[in-house]
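Next come the chains, spelled out residue by residue.
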Amino acid sequence: MESCNCIEPQWPPDDLLMKYQYISDFFIALAYFSIPLELIYFVKKSAVFPYRWVLVQFGAFIVLCGATHLINLWTFTVHSRTVASVMTTAKVLTAAVSCITALMLVHIIPDLLSVKTRELFLKNKAAELDREMGLIRTQEETGRHVRMLTHEIRSTLDRHTILKTTLVELGRTLALEECALWMPTRTGLELQLSYTLRQQNPVGYTVPIHHPVINQVFSSNRAVKISPNCPVARLRPAGKYMPGEVVAVRVPLLHLSNFHINDWPELSTKRYALMVLMLPSDSARQWHVHELELVEVVADQVAVALSHAAILEESMRARDLLMEQNVALDLARREAETAIRARNDFLAVMNHEMRTPMHAIIALSSLLQETELTPEQRLMVETILKSSNLLATLINDVLDLSRLEDGSLQLDLGTFNLYAVFREVLNLIKPIASVKKLHVSLTLAPDLPEYAIGDEKRLMQTILNIVGNAVKFSKEGSISITAFVAKLDTLRDSKAPEFLPVLSDNIFYLRVQVKDSGSGINPLDIPKLFTKFAQNQSTGTRNSGGSGLGLAICKRFVNLMEGHIWIESEGLGKGCTAILIVKLGMAERVNESKLPYMPKMPTNHGQTAFPGLKVLVMDENGVSRMVTKGLLLHLGCDVTMVGSSDECLRLVSHEHKVVFMDICVPGIDSYGITIRIHEKFTKRHERPLLVALTGNTDKVKKENCMRAGMDGLILKPVSLDKMRSVLTDLLEHRVFFEAI
Amino acid sequence: MELVQIQRRLVDYTKSLFMEGFLDAQFLQLQQLQDDSNPYFVFEVVSLFFEDSEKLLNELTIALDQPNVDFKKIDSHVHQLKGSSSSIGAQRVKNACIAFRNYCDVQNIEGCLTCLQQVKQECYLVKNKFETLFRLEQQIMASGGSVPTIELGF
């Protein structure tokens, strides 16, 4: 066998060193062969090894290394060339693979290292999450406690229970040693110990409220840790080891305006109670944040619950009070009803009982008047009659008024003749007026309906009353009654803001004005006029015989008729005007036969015609002259027309009974003519009556006419009826001044 | 046309005149004065009115044309016209006269001229209305009927 060309080993193969090398190589080869086996085994086991091909490389490298060392075993002795070449091949391969592997590892090792860092990071994260979980759990616990506490507190509306429950539950939840509530006293200067957890009967300690610690707690809405030596915290007998931490929180006492519960101290704004919580002594416990939050929340809830309880108590008291009042009112009402019934019975009886003797007195006195009497006796009888008439009126008035006030009076509605009502009033009042030498004139507007629907009797009574008053309080002068349909603007002017007339198709508002020139009324007294029994004392009219009820009754009648009545006067001595507005229904033209009691209208007018009455009419205006002439001709007069004052003076004679003059023409000096006519006819019975016709409603003019000596004044336009009534009045009274 | 129809037309026409404000209640008074002894009373009065008013309106036109306007005279004329128109119940003429007088009081020539025009206009209108009215009445009388009286409820 050829020997290889390798260098002869320096030492013989049997040398010890050689032997050891031989053994080491063997073992190295073994190890080298087993490592990849292990690797493969474990990689097969694990599923997630991402670097398989690296493993393969590694495996190859190791196997080749092992092979190299194995082949080295043969090189210790003399070996053939083949062994040497195999050895060389193996070494070369190993070198290649190991170089490649080394290069590969440069890329892979950083990756492998970063895996480690990631693992560390995740571990940290997990620890953190664990901590947070712990916190959340604690908070949830706290929340549960709060809800449970609130539930307990709010499940009752009784003050004591609320407070007791609060303390008990807080003590339980937080495992407190002591829990106390200090309430402000009535004076507000001290805090009084009201409730405690452990001590059964709080002895009523008081602590002044202006302590710096207390102020500090009251000024913040957080729970504040206070020193255990603070007066509010010194609740336990001294001698314990280490007092636990103390926390105090304010409880706002909500302010309500009508807070008057008996034993509750008087409350005002921004008052607080103090809740003091003490941890058990000897424990090393500290107040945690979540516990403080719990305490704050509870304090708020307690405040709300207390206020609810207070409100409930208040409303219960109010309800009891109301029930009492209700009962009292019911009783009062029943008593009032009984009283009214008693009064009505009384009145009914008295009405009859009183009228009977009155009737006897009046009847017999009037009969007595008819007999022969001496003047003194006559005077006495007249006085008796007057007084008894007065008394009768008073009885009637009182009865009426009481019925009116009850509201039991109802209007007697019916269709009646409106003109007739006025005529009646006039006829009734004329005798008295003429005795007093007062002139009464009545003017009805042409658009006043003849028939109306309303309470005729009471309307007449009202108008009669007013006219009667006018006559009563006038010593001289004249009284004028005007009636017309009130238009909407005059209605609104009626000085009564509550009087809201409503116009509709079937109704109209009658306005009656009664103006007198009598003693007038002080404007300040006017409001009193319509109150019953309040008579005007100051003007010395006491003897005029008014009972003071008339106007009050009128006002009530007028109110029933949905109208308004008032009096205007410019002052004492200036006369006064009574104005009344009432609502009447419009009537269809009614057959005369339907109203058997109404006298026919024409007869009430007095004369329908004035046959042969000689009249002179002076008017510059041709048209109106003709109209006036037509009017008078229609009434049967004998009319002479003149167009100027000269003509008038020329033609006027004692045969003319009336001279109508149009004075609103600027050119005519009507006063001059008047004076000249007066001069012409010195004897009064010879002189014709001078009447002015004017379209001008000037009061001054009217006064001038009166002063100049005219006997009358009429406003144009003059309707047929008006002319008729004017002539009637004129001829009767020799005077007619229309109300302006 | 039948008598009843003409009568009805007359009534309606008269009513319309009242509604439109041409006539007022005074006219009714006038009608009441007409009777058998005085059958043409209304016609006479109305004719007189129109003669008068024509004269007055002429006077007014002349007076307002003057360089120096004499307001007193104008006032008195208008007063006359107002009186006449209110006597026969020509409401619109009367109202126009009232307005005229106001302008006269403050001596406002422009206003007066405008009012004069208005018064003339109203006179003219109401004249036409009356002519129609009288024509209808004549027709009724010619057919042998009687003029119906107006009952107006206001």
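From a predicted model like this one, the values you see are computed outputs, not experimental measurements.

J.: Quick rundown of the overall build of chain B? Include the residues and the values.
T.: The secondary structure content of chain B amounts to six helices and zero strands. In chain B, the order of α-helices and β-strands from amino to carboxyl end is α-α-α-α-α-α. Going through the 154 residues of chain B one by one, you find that 45% of them count as buried. Considering only contacts in chain B between residues 6 or more positions apart, those separated by 24 or more positions represent 69%.

J.: Pulling in residues and values, what's your account of the UniProt feature "modified residue: Phosphohistidine" (unreviewed entry) in chain B?
T.: If you check UniProt for "modified residue: Phosphohistidine" (unreviewed entry), the listed places come out as His-79 of chain B in our numbering. A relative accessible area of 12% places His-79 of chain B in the buried class.

J.: Residues and numbers for the UniProt feature "modified residue: 4-aspartylphosphate" (unreviewed entry) in chain A, please.
T.: Following the UniProt record, one finds the feature "modified residue: 4-aspartylphosphate" (unreviewed entry) at Asp-662 of chain A. By secondary structure assignment, the location of Asp-662 of chain A is in strand E16 (residues 658–662).

J.: So, the packing of helix H1 (residues 3–19) of chain B against helix H6 (residues 109–142) of chain B: which residues are in play, and what are the values?
T.: Residue and element names in this part refer to chain B. Viewed as axis vectors pointing N to C, H1 and H6 meet at an angle of 160°, and their least axial separation amounts to 9 Å. Considering the angle they form, H1 stands roughly antiparallel to H6. H6 is crossed by H1, and the crossing has left-handed handedness. Residues Leu-3, Ile-6, Gln-7, Arg-9, Leu-10, Tyr-13, Thr-14 and Leu-17 of H1 pack against Lys-129, Thr-132, Leu-133, Leu-136, Glu-137, Gln-139 and Ile-140 of H6. Of the residues that constitute the contact of H1 with H6, the class distribution is eight nonpolar, four polar and three charged.

J.: Pulling in residues and values, what's your account of the state of the cysteines?
T.: Going through the model one piece at a time under the given rule, you end up with zero disulfides over all chains. Of all cysteine sulfurs, the one in Cys-97 of chain B lies closest to Cys-123 of chain B, which takes part in no disulfide; the gap is 6.8 Å.

J.: Lay out the nonpolar core in plain terms, naming residues and giving numbers.
T.: Core analysis: the largest hydrophobic core is formed by 70 residues, its most contacted members being Leu-632, Cys-637, Phe-660 and Leu-727 of chain A together with Ile-74, Phe-100 and Phe-130 of chain B. Excluding anything up to four places from it in sequence, Phe-130 of chain B contacts Leu-23, Phe-27, Val-46, Phe-50 and Ile-88 of chain B. Residues Tyr-419, Leu-459, Ala-470 and Val-471 of chain A belong to the second largest nonpolar core, which totals 47 residues.

J.: Lay out the packing of aromatic side chains with the relevant residues and their values.
T.: Residue and element names in this part refer to chain B. Enumeration over the complete set of coordinates arrives at eight aromatic pairs over all chains. For the ring pair Phe-18 and Phe-27, a centre distance of 6.4 Å and an interplane angle of 55° mean the geometry is tilted. Among the aromatic residues, ring-to-ring pairing joins Phe-18, Phe-27, Phe-43, Phe-49, Phe-50, Phe-130 and Phe-134 into one connected group. It is Arg-92 that lies over the ring of Phe-22; its NZ or CZ is 4.1 Å from the centre.

J.: Explain the interface of chain A and chain B residue by residue, including any values.
T.: Contacts between the two partners involve 18 residues from chain A and, on the opposite side, 20 residues from chain B. Interface area, chain A with chain B, both sides summed: about 1,600 Å², of which 63% is carbon and sulfur. Contact with chain B buries surface across chain A, with Val-623, Met-626 and Val-627 of chain A losing the most and accounting together for 34% of the total. Scanning the region where chain A abuts chain B turns up zero salt bridges. The interface formed by chain A and chain B holds two residue pairs in polar contact (both at pLDDT 80 or more) in total. Broken down by element, the residue count for the side of chain A that touches chain B peaks at nine residues, all from helix H14 (residues 622–634) of chain A. Taken together, the residues of the side of chain A that touches chain B break down into 11 nonpolar, six polar and one charged.

J.: Quick rundown of the pattern of salt bridges? Include the residues and the values.
T.: Residues and elements named next belong to chain A. Per the counting criterion, the structure on display carries 15 salt bridges over all chains. When the shortest N-O distance is used, the salt bridge between Arg-333 and Asp-330 registers 2.9 Å. Placement of both Arg-333 and Asp-330 in helix H6 (residues 289–370) is noted, with a separation of three residues, approximately one turn of the helix. Judged by its relative accessible area of 46%, Arg-333 falls in the partly exposed class. Exposure remark for Asp-330: the relative accessible area of 30% places this residue in the partly exposed category.

J.: Pulling in residues and values, what's your account of the confidence of the model for chain B?
T.: Within chain B, residue pLDDT values average 86, and 95% of them lie at 70 or more. For this predicted complex, the interface confidence score (ipTM) comes to 0.76, while the overall pTM stands at 0.35.

J.: Which residues make up the packing of H14 of chain A against helix H18 (residues 720–733) of chain A, and what values do they have?
T.: Residues and elements named next belong to chain A. Two elements in contact, H14 and H18, have axes separated by 10 Å at closest approach and are oriented at 65°. The element H14 and its partner H18 pack so that their crossing is right-handed. In this structure, H14 contributes Thr-628, Leu-631, Leu-632 and His-634 to the contact, and H18 contributes Leu-720, Met-723 and Leu-727.

J.: Pulling in residues and values, what's your account of the sheet that holds strand E1 (residues 178–184) of chain A?
T.: Residue and element names in this part refer to chain A. The antiparallel open sheet is built from six strands, whose spatial order is E3-E2-E1-E6-E5-E4. For this open sheet the edge positions go to strand E3 (206–208) and strand E4 (224–226), each flanked by a neighbour on one side alone. The sheet shows a mean angle of 35° between the axes of neighbouring strands, direction not considered. Across five bridges, the pairing between E1 and strand E6 (residues 271–278) is antiparallel. Residue pairing in the sheet places Ala-180 in a bridge with Val-276 of E6. Across the sheet, helix H4 (residues 159–174) is in contact with E1, strand E2 (190–196) and E6; its angle to E2 comes to roughly 75°. Each of E2, E3, E4, strand E5 (246–253) and E6 is contacted by helix H5 (residues 212–219), which is oriented at about 60° to E5, the strand it contacts most.

J.: With reference to specific residues and values, describe a nonpolar patch on the surface.
T.: Residue and element names in this part refer to chain A. A cluster of nonpolar side chains, contributed by Leu-16, Tyr-20, Tyr-22, Ile-23, Phe-26, Phe-27 and Leu-30, occupies part of the molecular surface with about 750 Å² of accessible area. Relative to the helices and strands, Tyr-22 resides in helix H1 (residues 16–45). The class for Tyr-22 is partly exposed, based on a relative accessible area of 42%.

J.: So what about the pairing of strand E11 (residues 507–516) of chain A? Which residues, and what values?
T.: All names here are of chain A. The buried fraction of E11 amounts to eight of the 10 residues, a majority that puts the element mostly inside the structure. Where strand E10 (residues 477–485) lies against E11, seven bridges are found, and the strand directions are antiparallel. Residue Ile-481 lies in a different strand from E11, and its bridge partner there is Val-514. Here 10 bridges tie E11 to strand E13 (residues 576–586), and the two strands are oriented antiparallel to one another. Note on E13: the bridge partner recorded for Val-512 is Leu-580.

J.: Which residues make up the sheet that holds strand E14 (residues 614–618) of chain A, and what values go with them?
T.: Residue and element names in this part refer to chain A. Read from one edge to the other, the open sheet built from six strands follows the order E15-E14-E16-E17-E18-E19, with strand pairing classed as parallel. A strand with exactly one partner marks an edge of an open sheet, and here the two such strands are strand E15 (638–642) and strand E19 (736–737). Bridging between E16 and strand E17 (residues 689–694) involves five bridges; their strand directions are parallel. Bridged to Val-659 within E17 is Leu-690. This element, helix H16 (residues 670–680), spans E14, E16 and E17 of the sheet and lies at about 170° to E17. Sheet contacts for H18: E16, E17, strand E18 (712–715) and E19; angle to E16, the most-contacted strand, approximately 130°.

Reading the values: the criteria
Residues numbered from 1 in each chain as written. Chains lettered and ligands numbered in written order. Predicted model: local features only at pLDDT ≥ 70, side-chain atom pairs only at ≥ 80, totals over all residues. Heavy atoms only, no water. Helix = DSSP H or I, 4+ residues; strand = E, 2+ residues; numbered from the N terminus. Buried < 20%, exposed > 50% of the residue type's maximum accessible area, 1.4 Å probe, protein only. Contact = heavy atoms within 4.5 Å. UniProt positions renumbered as here; feature names shortened; annotations may be inferred. Axes fitted to C-alpha atoms, helices over the stretch in contact; angles between N-to-C directions. Parallel < 35°, antiparallel > 145°, perpendicular 65-115°, else oblique. Left-handed = near helix turned anticlockwise from the far one by under 90°. Nonpolar A, V, L, I, M, F, W, Y, C, P; charged D, E, K, R; others polar. Disulfide = S-S within 2.5 Å. Core = buried A, V, L, I, M, F, W, Y, C linked by side-chain atoms within 4.5 Å. Phe/Tyr/Trp six-rings, centres within 6.5 Å; stacked < 30°, edge-to-face > 60°. Lys NZ or Arg CZ within 6 Å of the ring centre and 35° of its normal. Buried area = accessible area lost by both parts, 1.4 Å probe. Salt bridge = Lys/Arg side-chain N within 4 Å of Asp/Glu carboxyl O. Polar contact = N/O pair within 3.5 Å; in protein donor to acceptor, adjacent residues only side chain to side chain. pLDDT = per-residue confidence, 0-100. Pairing = 2+ DSSP bridges. Patch = residues over 30% accessible without salt bridge, like charges linked within 9 Å, V, L, I, M, F, W, Y side chains within 5 Å. Areas by Shrake-Rupley, 256 points an atom, 1.4 Å probe, with all protein chains shown as cover.

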